[in-house]
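Residue strings, one per chain:
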Amino acid sequence: MSTDGLIVVDKPGGMTSHDVVARIRRLAKTRRVGHGGTLDPMATGVLVIGVGRATRLLTYLIGAGKSYTATIRLGQATVTDDAEGDVIATTPAGLVTDEAIRAALAALSGEVDQVPSAVSAIKINGQRAYKRVRDGESVELPARRVTISRLEVLTIRRTEPDVVDVDVDVTCSSGTYIRAIARDAGLALGVGGHLTALRRTAVGGFTLDEAATLDQLEQRAPAVVNLSLDAAADRFFPRRDATPDEARVLAHGGPLDPTGRTGPYAVFGPAGGLIAIVSERDGRARAEIVLAPA
């Protein structure tokens, strides 16, 4: 089994993404480990981990679309917009109709300008926003354009007095905050809202179906990589097969003739091994990263 590749982890609740990386470093017996997109400690689900040379693919995964299931609680607002923060306002939500809830969430789908949660990992003048909030500062983050391509209401539950729990299924662009959706829905309905559960079900084409728990990875350590570097690139990028001469040029950082493709693609050598991730500009196909073994 290759030591260079990706692992699709089913992250448990209560751990940071960095905690998971630290565990994989121990299991894989290498320091060269990274993750392809942070999950909050409360959240569970798909966390893509890169090992060895595959860490260089993670920058592309971070920008991939993502899918989630989540539970929004209407009737309570928290300082963090999720269940990890203190409740700062309560407004009885029992009289809010199902139709109003569906309409409020529908208005938040599509291309929208979303203000990220103040307690987030976004940096302001080099310091994480969440640290500034914890230090007592008032933080206002600028809105950013995101795309929420699916925001489906699965269930509306009224099992507790004065609150309404709404289970949703979301597919969105990178940079979307699901807890901001909960906050904004609560604001639109005038009762406040926050996220009580979040599970990431997909990152790009990587889904929960192929995710392994940390316990499962522990049992098969150190062979924890389940998608080799070559297989990972073949799945995530369009493919181009190089001739022997092209492979030699590209492996040394030289350009190839263009094919007219847009966006980055993976170039493989005659033997099937990944050489580089390439993009076309100024009439040439040039390597963004060279991944062929030195």
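For the structure, see preceding data.
Reading the values: the criteria
- Residues numbered from 1 in each chain as written.
- Predicted model: local features only at pLDDT ≥ 70, side-chain atom pairs only at ≥ 80, totals over all residues.
- Heavy atoms only, no water.
- Helix = DSSP H or I, 4+ residues; strand = E, 2+ residues; numbered from the N terminus.
- Buried < 20%, exposed > 50% of the residue type's maximum accessible area, 1.4 Å probe, protein only.
- Areas by Shrake-Rupley, 256 points an atom, 1.4 Å probe, with all protein chains shown as cover.
- Lys, Arg positive; Asp, Glu negative; His and termini not counted.
- Charge placed at Lys NZ, Arg CZ, Asp CG, Glu CD.
- Phe/Tyr/Trp six-rings, centres within 6.5 Å; stacked < 30°, edge-to-face > 60°.
- Polar contact = N/O pair within 3.5 Å; in protein donor to acceptor, adjacent residues only side chain to side chain.
- Contact = heavy atoms within 4.5 Å.
- Core = buried A, V, L, I, M, F, W, Y, C linked by side-chain atoms within 4.5 Å.

> Help me understand the overall build of the protein in this model?
A tally of helices and strands in the protein yields eight helices and 18 strands. Within the protein, the proportion of its 294 residues that are buried is 47%. When the accessible area of the protein is evaluated, it comes to approximately 13,800 Å², of which 50% is carbon and sulfur surface. Considering the protein, the positive charge centre built from 35 side chains and the negative charge centre built from 35 side chains are found 7 Å apart.

> Help me understand the packing of aromatic side chains, please; the structure alone is not making it clear to me.
We describe a pair of aromatic rings using the distance from one ring centre to the other and the angle between the two ring planes. Per the counting criterion, the structure on display carries three aromatic pairs. Where Y60 meets F237, the ring centres are 5.1 Å apart and the plane angle is 85°; that geometry is what we call edge-to-face. On the criterion of sequence distance, the pair formed by Y60 in helix α2 (residues 58-62) and F237 in the loop between α7 (229-236) and β15 (239-241) is long-range, its members being 177 residues apart. Exposure class is identical for Y60 and F237. Each is buried. Between the aromatic rings of F206 and F236, the centroid separation amounts to 6.3 Å while the plane-to-plane angle is 10°, which identifies the pairing as stacked. Note that F206 is positioned in strand β13 (residues 206-207) and F236 in helix α7, a separation of 30 residues in sequence.

> What should I look at first to understand the side chain of T44 in this one?
Summarising the element assignment, T44 is placed in strand β3 (residues 44-51). A distance of 3.0 Å separates a polar atom in the side chain of T44 from a polar atom in the side chain of R199. Residues within four places of T44 in sequence aside, it is in contact with K11, P12, G13, L39, L198, R199 and R200.

> In this structure, what is going on with the nonpolar core? I would like to understand it.
The nonpolar side chains of a soluble globular protein tend to be buried with one another. Membership of the largest hydrophobic core comes to 49 residues, with the highest contact counts inside it found for I24, I49, L105 and V166. Those residues in contact with I49, other than ones at most four positions away along the chain, are G5, L6, I7, V9, V20, V21, I24, V33, G34, H35 and L58. Judged by nonpolar contacts, the second largest core, of 24 residues, contains V8, V48, A64 and A232.

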